[in-house]
Amino acid sequence: MRIGLVVGDTRGPSTLEQIIGQVRTAADAGFSTAWAAQAFGWDALTALAVAGAAVPGIGLGTAVVPIPQRHPLVLAGQALSVQAATGDRLTLGIGAGVAMMVQDMFGLPADRPAPRMREYLAVLRPLLGGENVTHQGETLTAMGAVTVPGAEPPPVLVAALGPAMLRLAGELADGTVTWMTGVRTLGDHIVPSITKAAEAAGRPVPQVVAGLIVCVTNDEAAVRERAAEQFGLAGQVPEYRAVLDREGAAGPQDVVIAGDEDDVARSVKRLADAGVTEFIASPFGGAEEQDRTVGVLADLTRSGTHWPY
């Protein structure tokens, strides 16, 4: 199992210099990938293009870019631009978006997320490969092509939690990326479901990339209390509530990886044992807590012997 590191706004408001510094720290420490989420600050793909161009070597990923706000012609151009700027190091993670936000904030439809994603991928993947697309479907119209010289199509991961989206991710994408999904749910539901779908479609073994908040601390209870305050709203939306219920978790605080160095190492190993192929660690807390957490995770990354993947 590889270990990647979250950079940018998920860890707190960040300047461009700070994002570049986080990516450089991740690269120097041996992390496999620097991952950025699309929230309400930095555009994730733009930030990765700039930071990735400044920091060679390390993989780059989005976890994730919601698709309702970006037509596939637009997203293909952005993703291929990142590829060209960074030497083809991008993994493109996309998602249907939280329905409440898609509808209330953007005024866009959010019904039938799996059929919408299926149609979106049917357009996006050819565009990423440089093909000309003429598509008039039930939820999407697209005509044209995207050409970015020197850019290879990036792997595409789909944020998938429910059965329908996991089947789709196994059939049409290169894997899935999850957020705030506990280890039991990953091992009993996410990994077997997407693996079965990929096998049935004759596709390679899928990537399962799991993002979780992490804090190495001597006061686990206090960290979980702060996480509940900061991320508690996520536990109230149906998309995350379903997987938290499956895990038996009251809220996001219950799936945070928190504890001392040995506690965190054991928790990370459980993710590898569950079949996760890459763990995205999102360091949590103040600067000292995040530095301590990054240091422990870097040691685990360098050891290499803990992970069967």
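Looking up the chain in an unreviewed UniProt entry gives the name LLM class F420-dependent oxidoreductase, with the organism given as Actinoallomurus acaciae.

What follows is about the UniProt feature "domain: Luciferase-like" (unreviewed entry) in the chain. UniProt annotation of "domain: Luciferase-like" (unreviewed entry) refers to residues 12-277 when read in the numbering used here. In residues 12-277, the share of helix is 48% and the share of strand is 17%. The end C-alpha atoms are 26 Å apart.

Cis rather than trans, the peptide bond between Ala63 and Val64 has omega equal to 0°. Positionally, Val64 belongs in the loop between β3 (59-62) and β4 (65-66). Positive phi, normally seen in glycine, also occurs at Met180, with a value near 55°. By the element assignment, Met180 lies in the loop between β9 (175-179) and α7 (183-200). Taking the relative accessible area as the measure of exposure, Met180 reaches 4% and is therefore buried.

For strand β10 (residues 207-216), the buried fraction is high: nine of the ten residues fall into the buried class. Across five bridges, β9 lies against β10 in parallel orientation. Within the sheet, the bridge partner assigned to Trp179 lies in β10 and is Gly211. What joins β9 to β10 is α7, and the crossover it makes is right-handed. Across six bridges, β10 lies against strand β12 (residues 278-283) in parallel orientation. Across the sheet, the residue bridging to Gly211 is Ile280, located in β12.

For the rest of this paragraph, the subject is the packing of helix α5 (residues 113-128) against helix α6 (residues 163-172). With their axes 9 Å apart at the nearest point, α5 and α6 run at an angle of 15° to one another. Comparing their axes, α6 and α5 come out roughly parallel. Judged by the twist between their axes, the crossing of α5 over α6 is right-handed. In contact with Pro113, Ala114, Met117, Arg118, Leu121 and Arg125 of α5, α6 contributes Ala164, Met165, Leu168, Glu171 and Leu172. The residue makeup of the contact of α5 with α6, split by class, is eight nonpolar, no polar and three charged.

This part takes up the pattern of salt bridges. Under the definition given, this model contains 15 salt bridges. A salt bridge links Glu289 to Arg226; its shortest N-O distance comes to 2.7 Å. Here Glu289 is found in helix α11 (residues 287-303), whereas its partner Arg226 is found in helix α8 (residues 220-231), with 63 residues between them in sequence. Residue class for Arg226 comes out partly exposed when judged on its relative accessible area of 31%. One connected set of salt bridges, linked through shared partners, spans Asp111, Arg112, Arg116 and Glu138.

Along the chain, Val208 turns up in strand β10. Looking at Val208, the relative accessible area reads 1%, which means it is buried. The spatial distance from the C-alpha of Val208 to the C-alpha of Gly95 is 14 Å, given a sequence separation of 113 residues. Residues within four places of Val208 in sequence aside, it is in contact with Thr176, Leu186, Ile190, Val191, Ile194, Gly275, Val276, Thr277 and Glu278.

Rules used throughout
Residues numbered from 1 in each chain as written. Predicted model: local features only at pLDDT ≥ 70, side-chain atom pairs only at ≥ 80, totals over all residues. Heavy atoms only, no water. UniProt positions renumbered as here; feature names shortened; annotations may be inferred. Helix = DSSP H or I, 4+ residues; strand = E, 2+ residues; numbered from the N terminus. Buried < 20%, exposed > 50% of the residue type's maximum accessible area, 1.4 Å probe, protein only. Pairing = 2+ DSSP bridges. Right-handed = clockwise from strand over helix to strand, strands pointing away. Axes fitted to C-alpha atoms, helices over the stretch in contact; angles between N-to-C directions. Parallel < 35°, antiparallel > 145°, perpendicular 65-115°, else oblique. Left-handed = near helix turned anticlockwise from the far one by under 90°. Contact = heavy atoms within 4.5 Å. Nonpolar A, V, L, I, M, F, W, Y, C, P; charged D, E, K, R; others polar. Salt bridge = Lys/Arg side-chain N within 4 Å of Asp/Glu carboxyl O.

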